[in-house]
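Report on the structure
One-letter residues, chain by chain:
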Amino acid sequence: MKKICSLLLVVLMISCILTACGTKEKATDSPAKDVATEENGTKNTDNSLQYIKDNGKFVLGLDASFPPMGYKDEDDNIVGFDIDLAKEVCKRMGVELKLQPINWTAKEQELTTKNIDCIWNGLSYSEERAEAMTLSQAYMNNNQVVVVLKDSDIKVVADLAGKIVAIQNGSTASDAMDEHKEVTDTLKQLVKVDDNVQAMMDLKIGGSDAVVMDEVVALYYMEKDPDAYRVIDGSLAAEQYVIGFRKGDDALKNEVEKCLKEMKEDGTLAKICTTWFGKDVNTIQ
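Quick summary incoming for the structure in this document. (Residues numbered from 1 in each chain as written. Predicted model: local features only at pLDDT ≥ 70, side-chain atom pairs only at ≥ 80, totals over all residues. Heavy atoms only, no water.)

Here we come to the sheet that holds strand β4 (residues 78-79). Taken in spatial order, the three strands line up as β2-β3-β4 in an open sheet, and their pairing is antiparallel. In the strand order of this sheet, the two ends are held by β2 (65-66) and β4, each with one partner. Pairing of β2 with strand β3 (residues 70-72), which is carried by two bridges, proceeds in the antiparallel orientation. The residue of β3 that forms the bridge with Ser 65 is Tyr 71. (Pairing = 2+ DSSP bridges. Helix = DSSP H or I, 4+ residues; strand = E, 2+ residues; numbered from the N terminus.)

Here it is in structure tokens:
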């Protein structure tokens, strides 16, 4: 009997030891997860602003054929409203502005591969772009409109039926047309070109009947050649211009927004707007 009791006591003691060990192992599991989380957090630290300051330059990607936001003048210099804004922002950040023309359809890839640090060139907000990039607050309003020759018989959007319409590939003009199937389904042809310069040239020589494009660009062409073009009644989409950064580059975005707000407060932003548009058109809050 004593032997049996002793045996039971040993079994009980072993059981208690195993239970205690199991509890101890479980207790050490949580800190391991915490460390992993901390490591992941460190790995994903946003150093986007420091990256720009360390490089001493801010590389702006643009379609250099998008007047008046960013385009090449007669001397082949890149100028424009967005360029003037970026120059002032870089001055306040203490870094050099580098302008880098890109293929507009590959703009997201240019960002992710760090060939450029931002896209600042009449970039309209869209949900798709918000998923692919970190976007700034809107700094200007815009519309997608239809441009035709002055003597065209096209008066309203419905008149585009049976016509050839040109748009820039990868633009929100293209998105606007995709959202208006009731219009695109009636067209003779929807032509996608590399840029608005080509689209307007084709329109002028009769290669197309109309061009869908940003209103600010359309107004630029109308002011430049008032006897050649006009904008028909109606808008295909209301938009807002934003600045695109690499996904997660919030520190850089915040610094640029801070500079723009300071420019608004001290009147610099209004001055640049008036130079290009004759009035203050900014929407910075």
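Picking up after the structure, the text goes on.
Applying the stated criterion across every chain, the model contains seven salt bridges. As a salt-bridge pair, Asp 266 and Arg 92 come within 2.8 Å of each other at their nearest N and O atoms. Placement of Asp 266 in helix α10 (residues 250-266) and of Arg 92 in helix α3 (residues 81-93) is noted, with a sequence separation of 174 residues between them. Under the relative-accessibility criterion, Asp 266 is labelled partly exposed at 44%. Measuring nitrogen to oxygen at the nearest pair gives 2.9 Å for the salt bridge that ties Asp 225 to Lys 204. Placement of the pair is Asp 225 in the loop between α9 (215-224) and β12 (229-231) and Lys 204 in helix α8 (residues 196-204), with a sequence separation of 21 residues. A network of salt bridges, in which partner residues are shared, links Glu 88, Arg 92 and Asp 266. (Salt bridge = Lys/Arg side-chain N within 4 Å of Asp/Glu carboxyl O. Buried < 20%, exposed > 50% of the residue type's maximum accessible area, 1.4 Å probe, protein only.)

For the rest of this paragraph, the subject is the side chain of Ser 171. Residue placement: Ser 171 occurs in the loop between β9 (164-168) and α6 (172-179). Among the polar contacts listed, one links the side chain of Ser 171 to the backbone nitrogen of Ala 173, at a separation of 3.3 Å. Ser 171 has contacts with Trp 104 and Arg 129, leaving out every residue within four places of it along the chain. (Polar contact = N/O pair within 3.5 Å; in protein donor to acceptor, adjacent residues only side chain to side chain. Contact = heavy atoms within 4.5 Å.)

The next point concerns the nonpolar core. Core analysis: the biggest nonpolar cluster contains 51 residues, and Phe 58, Met 93, Trp 120, Tyr 139 and Val 256 have the highest contact counts within it. Look past the residues within four positions of Val 256 in its chain and what remains in contact with it is Phe 58, Val 89, Met 93, Trp 120, Ile 243 and Phe 245. Listed in part, the 17 residues of the second largest apolar core include Ile 154, Leu 160, Ala 173 and Met 177. (Core = buried A, V, L, I, M, F, W, Y, C linked by side-chain atoms within 4.5 Å.)

On to the side chain of Ser 174. Note that Ser 174 resides in helix α6. Residue contacts for Ser 174: discarding those within four places in its chain leaves Ile 167, Gln 168 and Lys 192.

Approximately 290 Å³ is the volume found for the largest pocket. If you list the elements that add at least two residues to the lining of the largest pocket, you get β8 (140-149), α9 and α11 (268-277). Looking at the lining of the largest pocket, the element that brings in the most residues is α9, giving five residues. The residue makeup of the lining of the largest pocket, split by class, is nine nonpolar, four polar and three charged. (1 Å grid on protein atoms, 1.4 Å probe; cavity = no way out; pocket = protein on both sides within 12 Å on 5 of 7 lines; lining within 4 Å. Points joined across faces, edges and corners; volume = space filled by probe spheres on them. Nonpolar A, V, L, I, M, F, W, Y, C, P; charged D, E, K, R; others polar.)

Let us look at the packing of α3 against α11. Running from amino to carboxyl end, α3 crosses α11 at an angle of 160°, the nearest separation of the two axes being 9 Å. For the element pair α3 / α11, the angle class is roughly antiparallel. By crossing handedness, the relation of α3 to α11 is classed as right-handed. Here Phe 81, Asp 84, Leu 85, Glu 88 and Arg 92 of α3 lie close against α11, whose contacting residues are Thr 268, Leu 269, Ile 272, Cys 273, Trp 276 and Phe 277. (Axes fitted to C-alpha atoms, helices over the stretch in contact; angles between N-to-C directions. Parallel < 35°, antiparallel > 145°, perpendicular 65-115°, else oblique. Left-handed = near helix turned anticlockwise from the far one by under 90°.)

Turning next to the packing of aromatic side chains. Under the criterion given, the structure shown has seven aromatic pairs. Look at Phe 81 and Phe 277: their rings are 5.0 Å apart centre to centre, the planes differ by 70°, and that puts the pair in the edge-to-face class. One end of the pair, Phe 81, is in helix α3; the other, Phe 277, is in helix α11, with 196 residues separating them in the sequence. Assessed through its relative accessible area of 23%, Phe 277 is described here as partly exposed. Relative to Tyr 241, the ring of Tyr 139 lies with its centre 6.4 Å away and its plane at 35°, an arrangement referred to as tilted. Of this pair, Tyr 139 sits in the loop between β7 (134-135) and β8 while Tyr 241 sits in strand β13 (residues 237-245), and the two are 102 residues apart along the sequence. As far as burial versus exposure is concerned, Tyr 139 and Tyr 241 are alike and both buried. A connected cluster of aromatic rings, assembled from ring pairs, spans Tyr 71, Tyr 220, Tyr 221, Tyr 229 and Trp 276. (Phe/Tyr/Trp six-rings, centres within 6.5 Å; stacked < 30°, edge-to-face > 60°.)

The values reported here are purely geometric and, on their own, carry no functional implication.
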